[in-house]
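Notes for the structure review
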Amino acid sequence: MEKFIKLTATAVPLETENIDTDQIIPARFLKATDKAGFGENLFRDWRYTKDENLNPDFSLNNPSYAGPILVAGDNFGCGSSREHAAWALKAYGFKVVVSSYFADIFKGNALNNGLLPVQVSPEFLEKLFDYLNSQPSGEIIVDLENQQISIKDSGEAENFEIDPYKKTCMLNGYDDIDFLLSRRNAIKKYEDKQLQI
Amino acid sequence: MKKTLFDKIWDSHVVESIPNGPDVLYIDKHLIHEVTSPQAFNELKERGISVYRPDKIVATADHNTPTLNQHLPIKDLLSRKQLSELTQNCEENNIQLYGLGHPYNGIVHVMAPELGITQPGMTIVCGDSHTSTHGAFGTIAFGIGTSQVAQVFASQCLLVEKPKKMRVNVNGKLKKGVLPKDVILYIISKLGTNSGTGYFCEYAGDVFENMSMEGRMTVCNMSIEMGARGGLIAPDDTTFNYVEGKEFAPKGEEFEKRKAYWKTLKTDENAVFDKEVSFEAEDIEPMVTYGTNPGMGIKLTGSIPTGAGKSADKALEYMGFVQGESLLDKPVNWIFIGSCTNSRIEDFRVAASYIKGKQKAANVNALIVPGSRQVADQIKAEGLQEIFENAGFTLRQPGCSACLAMNDDKIPAGEYCVSTSNRNFEGRQGQGARTILASPLTAAATAVAGKLVDFTKSLN
Ligand code: SF4
């Protein structure tokens, strides 16, 4: 997994609330058996109109916006457990998703793929939207080490929470499989004990 | 310390706790299917590690399978490849697969319980969010992502932080025509789609105690739609009687031994929950959704709330509804009775009992998709097939089907579908399709009337 320490970059706002994983990557694109290529179909049905043209009203298609940070409305990633949603965001080029709320499974999937979910207060989220509306090329600083997100121009900042174990993983680029494999002895011991019950 | 049902099962599965970090949780059963497993198998191959406990894994093919002509090769090449990879991966790793055409094949959350693979007190995971279904047996069951599928392959364990605990109590007597699906749609409409995030939810009270296993599965299935990782109900005689005699359930003395342990699996009196809410059974009526998430539900006879804000406006525009209107008498061209929420034998019995001697309306396409081969066989054996066919309903072969429309079973853009599935997201049942979630009884009544009607008056 790629390491994540600190990122200063422009962002794409997506003010819709309750964005579910079916919107992030519709089910008809889940037939692949590898992780490649999902970026093209990220938000497919919002990005394209029915006749397959780019939808000019969708913010990912707005030429004023670009960058590896997605700032999205409340309750992002609800719905299905499909990790394809995290792969699609990653493959499209996002490294951070900011929202005021994340669905559990999505949050775990994102962290397992080096995509950092940053949960902010509803007030700070509003500030970010206002900032990006008035300043589309404005930069946001995401500092994982200090667990802080800030608006570069104004310096307004907020701290965010992350599980300390997950933070270490992200900072170092480790993943859970490495850790679990190192615990095989303890797992075996647990299994032996269970057999006796 | 007083413990909840959830604590008891969780604590007995903790291999070790990482200081300031998650628990290493042991997994008793790992269910897999074609869509979320291939990348996990690849991950293991790339790292050169083998599956640690293949005997604790059971595989089925369900999401991406056709519901017509299952004996023929699958036409869609990508789907065919996905299924053949599952077969190959299972063979290479000694994993039991109940693939297409096998008598045990079916939607993962329907086949595992009916085979006795799901048992009280277990930890069960699957790369599918509706794994919460199995909580109906008093198990800790939850959906995981593909990276976690790989973790369980590698170690039979997961690194997870212990969730918080909530309890939803519903007491009293349910009104006529109110099914378990209405109960859970009601709860979600009251609590909202992220009320359960970070929680495991126990359902308690006499409404659940008096419910069949099928009904309990319908309720626990939709726990994820309020954001909860899982839901669970304490096992009791209804549970034990259901499990006993099932193919893979313990037998004889071993069953009695297990049962003695299962009986201890209940929340201690005075155990503390992080959150607790209560509802009255009498307040619940048949429910329908009007929007694009399962929390946007109203009574069948109610009207769409007014003044709900930007998100709601977007949802209503997609659905073609307006604030304040009633859904009664809305013409509906499609109904779908199926999905892991409502495709068990009891669901088809209740639909058939309403439909018997009636005809579907001419404008309606009525799709019936059993959850498993066993359910399909029982539909035939009980004579329900005739009832459906005489009424003009189409009975298909088992699978996820129009619940997620990965195969050919799609609802056309702009059309309404009263569906017994669990998600009414934009495009879930096909691009542009408009889903109204409801119970099998509401779906059956809609098919007959060709529109949403208050059928409760005609029930005897
Ligand atoms: S029936 Fe629907 S919700 Fe259930 S497992 Fe299949 S796709 Fe998922």
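Keep in mind the model is a prediction, meaning the values are calculated, not measured.

1. Describing the nonpolar core
Membership of the largest hydrophobic core comes to 106 residues, with the highest contact counts inside it found for Phe43, Phe76, Leu89 and Leu116 of chain A. The two domains that each donate at least three residues to this core are domain 1 (1-285) and domain 2 (288-458) of chain B. Setting aside residues up to four positions removed in sequence, Leu89 of chain A forms contacts with Ile24, Leu42, Phe43, Leu70, Phe76, Phe94, Val97, Phe106 and Leu115 of chain A. Ile95, Leu97, Met166 and Val170 of chain B belong to the second largest nonpolar core, which has 72 residues in total.

2. Here's the deal with the site of the ligand
All names here are of chain B. Every residue close to the ligand is listed here: His63, Ile107, His109, Asp128, His130, Ser339, Cys340, Cys400, Cys403, Leu404, Asn422 and Arg428. Among the detected pockets, the ligand sits in the largest cavity. Per-class residue counts for the shell around the ligand are 5 nonpolar, 5 polar and 2 charged. Residue-level mapping places the shell around the ligand at the junction of two domains, with at least three residues from each of domain 1 (1-285) and domain 2 (288-458).

3. Thoughts on the domain arrangement of chain B
All names here are of chain B. Split into domains, chain B comes out as domain 1 (1-285) and domain 2 (288-458). Listed by partner, the interface residues are 44 residues for domain 1 and 45 residues for domain 2. In total, about 3500 Å² of surface goes out of reach between domain 1 and domain 2, with carbon and sulfur atoms giving 55% of it. When the buried surface of domain 1 facing domain 2 is broken down by residue, Thr67, Ile107 and Lys181 rank first, second and third, together holding 18% of it. If you look at where domain 1 meets domain 2, you find 1 salt bridge. Close ionic contact of Arg423 with Glu225 constitutes a salt bridge, the shortest N to O distance being 3.1 Å. Between the two partners, domain 1 and domain 2, sit 25 residue pairs in polar contact (both at pLDDT 80 or more).

4. Points about empty space enclosed by the protein
All names here are of chain B. A full pass over the atoms with the stated rule returns 3 cavities of 30 Å³ or more. Computed from the structure, the largest cavity encloses a volume of approximately 220 Å³. As for the largest cavity, its lining consists of 23 residues, of which His63, Asp128, His130, Leu404 and Arg428 are closest to the centre. Each residue belonging to the lining of the largest cavity can be placed in one class, and the counts come to 7 nonpolar, 12 polar and 4 charged. Mapping the lining of the largest cavity onto the domain boundaries places at least three of its residues in each of domain 1 (1-285) and domain 2 (288-458). Space inside the second largest cavity adds up to approximately 110 Å³. Partitioned by chemical class, the residues of the lining of the second largest cavity number 5 nonpolar, 8 polar and 1 charged.

5. Digging into the interface of chain B and chain A
Contact residues are listed per partner, giving 66 residues for chain B and 54 residues for chain A. Where chain B abuts chain A, roughly 4800 Å² becomes buried across the two surfaces, and 53% of that area is made up of carbon and sulfur atoms. Where chain B meets chain A, there are 7 salt bridges. Lys35 of chain A is the salt-bridge partner of Glu43 of chain B, the closest N and O atoms lying 3.4 Å from each other. Taken together, the links from chain B to chain A amount to 31 residue pairs in polar contact (both at pLDDT 80 or more). Those elements that provide at least two residues to the side of chain B that touches chain A are strand 1 (14-17), strand 2 (23-26), helix 2 (38-47), helix 3 (77-92), helix 5 (146-155), strand 8 (157-160) and helix 11 (310-319) of chain B.

6. Details of the pattern of salt bridges
On inspection of all chains with the given rule, the structure shows 33 salt bridges over all chains. Here Lys152 of chain A makes a salt bridge to Glu139 of chain A, at a shortest N to O gap of 2.9 Å. Here Lys152 of chain A, found in the loop between strand 6 (148-151) and strand 7 (157-159), pairs with Glu139 of chain A, found in strand 5 (residues 139-143); they are 13 residues apart in sequence, far enough to count as distant. The partly exposed category is assigned to Glu139 of chain A, whose relative accessible area is 26%. With a closest N to O distance of 3.7 Å, Lys457 of chain B and Asp454 of chain B form a salt bridge. Overall, the relative accessible area of 71% leaves Lys457 of chain B in the exposed class. Judged by relative accessible area, Asp454 of chain B falls into the partly exposed class, the value being 22%. When salt bridges that share partners are traced, they join Lys35, Asp175 and Asp178 of chain A together with Glu43 and Arg47 of chain B into one network.

What counts and what doesn't
- Residues numbered from 1 in each chain as written.
- Chains lettered and ligands numbered in written order.
- Predicted model: local features only at pLDDT ≥ 70, side-chain atom pairs only at ≥ 80, totals over all residues.
- Heavy atoms only, no water.
- Core = buried A, V, L, I, M, F, W, Y, C linked by side-chain atoms within 4.5 Å.
- Buried < 20%, exposed > 50% of the residue type's maximum accessible area, 1.4 Å probe, protein only.
- Domains from an automatic or database assignment.
- Contact = heavy atoms within 4.5 Å.
- Near = heavy atom within 4 Å.
- 1 Å grid on protein atoms, 1.4 Å probe; cavity = no way out; pocket = protein on both sides within 12 Å on 5 of 7 lines; lining within 4 Å.
- Sits in = over half its atoms within 2 Å of the grid points.
- Nonpolar A, V, L, I, M, F, W, Y, C, P; charged D, E, K, R; others polar.
- Buried area = accessible area lost by both parts, 1.4 Å probe.
- Salt bridge = Lys/Arg side-chain N within 4 Å of Asp/Glu carboxyl O.
- Polar contact = N/O pair within 3.5 Å; in protein donor to acceptor, adjacent residues only side chain to side chain.
- Points joined across faces, edges and corners; volume = space filled by probe spheres on them.
- Helix = DSSP H or I, 4+ residues; strand = E, 2+ residues; numbered from the N terminus.

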